Amino acid sequence: MQQVYLDNAATTKVLPSIAEAMCKTMTDNYGNPSSIYKLGQQAKSILDTAREQVGELINASPKEIIFTGGGSEGDTMLLMGVAHAYAKKGKHIITTAIEHHAILHTCSALEKEGYTVTYLPVDEFGKVDPATVEAAITPETILISVMYANNEIGTIMPIREIGAVARKHGVLFHTDAVQAAGHIPIDVKADNIDLLTLTAHKFHGPKGTGAVYIKQGVKTGSLVYGGGQEKGLRAGTENTAGILGLGLAAVHAKENMKENSKRVTRLRDKLIAGINEKISEVRLNGHPTDRLPNNVNFSIRYIEGEGLLLLLDMAGIAASSGSACTSGSLDPSHVLLAIGLPHEIAHGSLRLTLSEFTTEEDIDYLLEKLPPIVDRLRQMSPLYSEKYNRV
């Protein structure tokens, strides 16, 4: 049976060359980067190089890059840190209704501390209007946090325009770029970004290693206290091998982005056209053009997402659903509800995300296996039977 992996928004395969380099580092350059002897300084040199490599990916100075344990940690670190550092100026934060839970749950925690959070609506494609962002700003606003691209539906936000609004009003601007970094060009200077989060495992680096960009002059508090590593913002002995992998993944992404984006976009569009052609009553979620090169998200009427995923898995296809049912919740995706989908349609959503390892054969196989699976599930649906008078 063919094995097809189409859940790259969840995590990606580590490039073999990066895995090999990391293993070598763990045995050959195992010193503590804080030590002054040669072995420690060799490890520190790896961190310095990776800081430059990550900075080049987003057009930032190496001095503005802080290593973290991943995207969720980075989001928490920046939101909490900025909120506490600027509390005397104000306690109002602006974000959107479709952010990752790392942002939404951190905002919820801050609300319990007395902060006020405005959750902006989005349109049917998942975009927030920069004018809506501007209208939400008050004298108390200290931070705007809008994701660069949505992790479920792939919509790319008007980041540069939102950044310009924030700059105009003297408000700090953070973007969760976990899904975007390594896939589309990011320029923190041109985009007016003050703070940014990314993680290695979304672009063929290792899990458990990420980075944040903090523009020089921006204040933020510490997340982890201890020995003062990472400018005192994230104490603890650095994960040298993981950071090496992050740096190498950043280099690979930057060097191959144009070519990979072109090829993956072609496969994405083939997949979208194929699903529209072969399956009735489906809806593409997210913006039709302003979307990540690798993201396809469909709502399929008269089916339930969990059953779809289980049958796809039996066919050797790894995918994910727009429904949160796979985590034990009966609630549909907050993103799909925010773009206006009713519960019954949001529950039957399928997210397929590609990578540079995805092949034409993978897409053909998915398009062969998906229609009969959908038909099988619909035959068991009372709503489908009722509409088409089936007994």
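Further up the page is the structure itself.
This write-up is about the structure you can find in this document. (Residues numbered from 1 in each chain as written. Predicted model: local features only at pLDDT ≥ 70, side-chain atom pairs only at ≥ 80, totals over all residues. Heavy atoms only, no water.)

### Some words on the overall build of the protein
Item 1. A count of helical and extended segments in the protein gives 12 helices and 13 strands.
Item 2. In terms of overall dimensions, the protein is globule-like: its C-alpha atoms have a radius of gyration of 22 Å, near the 21 Å expected for 391 residues.
Item 3. Projecting the C-alpha coordinates of the protein onto the three principal axes gives extents of approximately 75 × 50 × 35 Å.
Item 4. Out of the 391 residues in the protein, the part that is buried amounts to 56%. (Helix = DSSP H or I, 4+ residues; strand = E, 2+ residues; numbered from the N terminus. Rg over C-alpha atoms; globule rule 2.2 N^0.38 Å. Buried < 20%, exposed > 50% of the residue type's maximum accessible area, 1.4 Å probe, protein only.)

### Comments concerning the sheet that holds strand 3 (residues 92–96)
Note: strands within a sheet are paired through backbone hydrogen bonds, in either parallel or antiparallel orientation.
Item 1. Spatial strand order, 2-8-7-6-5-3-4: 7 strands in an open sheet with mixed pairing. Strands at the two margins of the open sheet, each flanked by one partner only, are strand 2 (65–68) and strand 4 (116–120). Taken over all neighbouring pairs, the strand axes of this sheet differ in orientation by 20° on average, direction set aside.
Item 2. The pairing of strand 2 with strand 8 (residues 210–214) spans 4 bridges and is antiparallel. (Pairing = 2+ DSSP bridges. Axes fitted to C-alpha atoms, helices over the stretch in contact; angles between N-to-C directions.)

### Side note on the packing of helix 3 (residues 71–85) against helix 4 (residues 101–112)
Item 1. It is at 9 Å that the axes of helix 3 and helix 4 come closest, and there the two elements cross at 30°. Regarding the angle of helix 3 to helix 4, the classification is roughly parallel. Judged by the sense of rotation from one axis to the other, the crossing of helix 3 with helix 4 is right-handed. Contacts between helix 3 and helix 4 involve S72, D75, T76, L79, M80, A83 and H84 from the former and A102, I103, T106, C107, A109 and L110 from the latter.
Item 2. Grouping the constituent residues of the contact of helix 3 with helix 4 by class yields 8 nonpolar, 4 polar and 1 charged. (Parallel < 35°, antiparallel > 145°, perpendicular 65-115°, else oblique. Left-handed = near helix turned anticlockwise from the far one by under 90°. Contact = heavy atoms within 4.5 Å. Nonpolar A, V, L, I, M, F, W, Y, C, P; charged D, E, K, R; others polar.)

### Quick notes on helix 6 (residues 159–168)
Item 1. Considered for burial, the residues of helix 6 that qualify are I159, I162, G163, V165 and A166. Seen end-on, helix 6 carries its buried residues on one side only, within an arc spanning 155°.
Item 2. Positive backbone phi, approximately 70°, marks G170, located one or two places after helix 6. (Arc of directions from axis to C-beta.)

### Digging into unusual backbone geometry
Item 1. Notably, N192 is not glycine yet its phi reads approximately 60°, a positive angle.
Item 2. Mapped onto the elements, N192 comes out in the loop between strand 6 (172–176) and strand 7 (195–199).
Item 3. Judged by relative accessible area, which is 16%, N192 ranks as buried.
Item 4. Residues other than glycine seldom take positive phi values, yet E281 does so here, at roughly 50°.
Item 5. You can see E281 is positioned in the loop between helix 7 (240–278) and strand 9 (282–284).

### Some words on the pairing of strand 13 (residues 349–353)
Item 1. Burial of strand 13 is extensive: 5 of the 5 residues sit out of reach of the surface.
Item 2. Of the two faces of strand 13, the one carrying S349, R351 and T353 and the one carrying L350 and L352 are both buried.
Item 3. The pairing of strand 10 (residues 295–300) with strand 13 spans 5 bridges and is antiparallel. Looking across to strand 13, one finds that S299 is bridged to S349.

### Brief notes about helix 4
Item 1. Here helix 4 spans 16 Å end to end across 12 residues, near enough to the 16 Å set by a 1.5 Å rise per residue.
Item 2. If you check which residues of helix 4 are buried, you get A102, I103, L104, T106, C107 and L110.
Item 3. Residues of helix 4 that are buried make contact with helix 3, strand 3, strand 4, strand 5 (141–145), strand 6 and helix 9 (334–338).
Item 4. Positioned one or two residues after helix 4, G114 has a phi angle of 105°, which is positive. (Expected span 1.5 Å × (residues − 1).)

### Observations concerning the environment of A21
Item 1. In this structure, A21 sits in helix 1 (residues 16–28).
Item 2. Accessibility expressed as a relative area gives 23% for A21, which makes it partly exposed.
Item 3. With 180 residues separating them along the chain, A21 and H201 place their C-alpha atoms 16 Å apart.
Item 4. Among residues more than four places away in sequence, those in contact with A21 are L244 and L248.

Interpretation note: all reported values are geometric properties and have no functional meaning in isolation.
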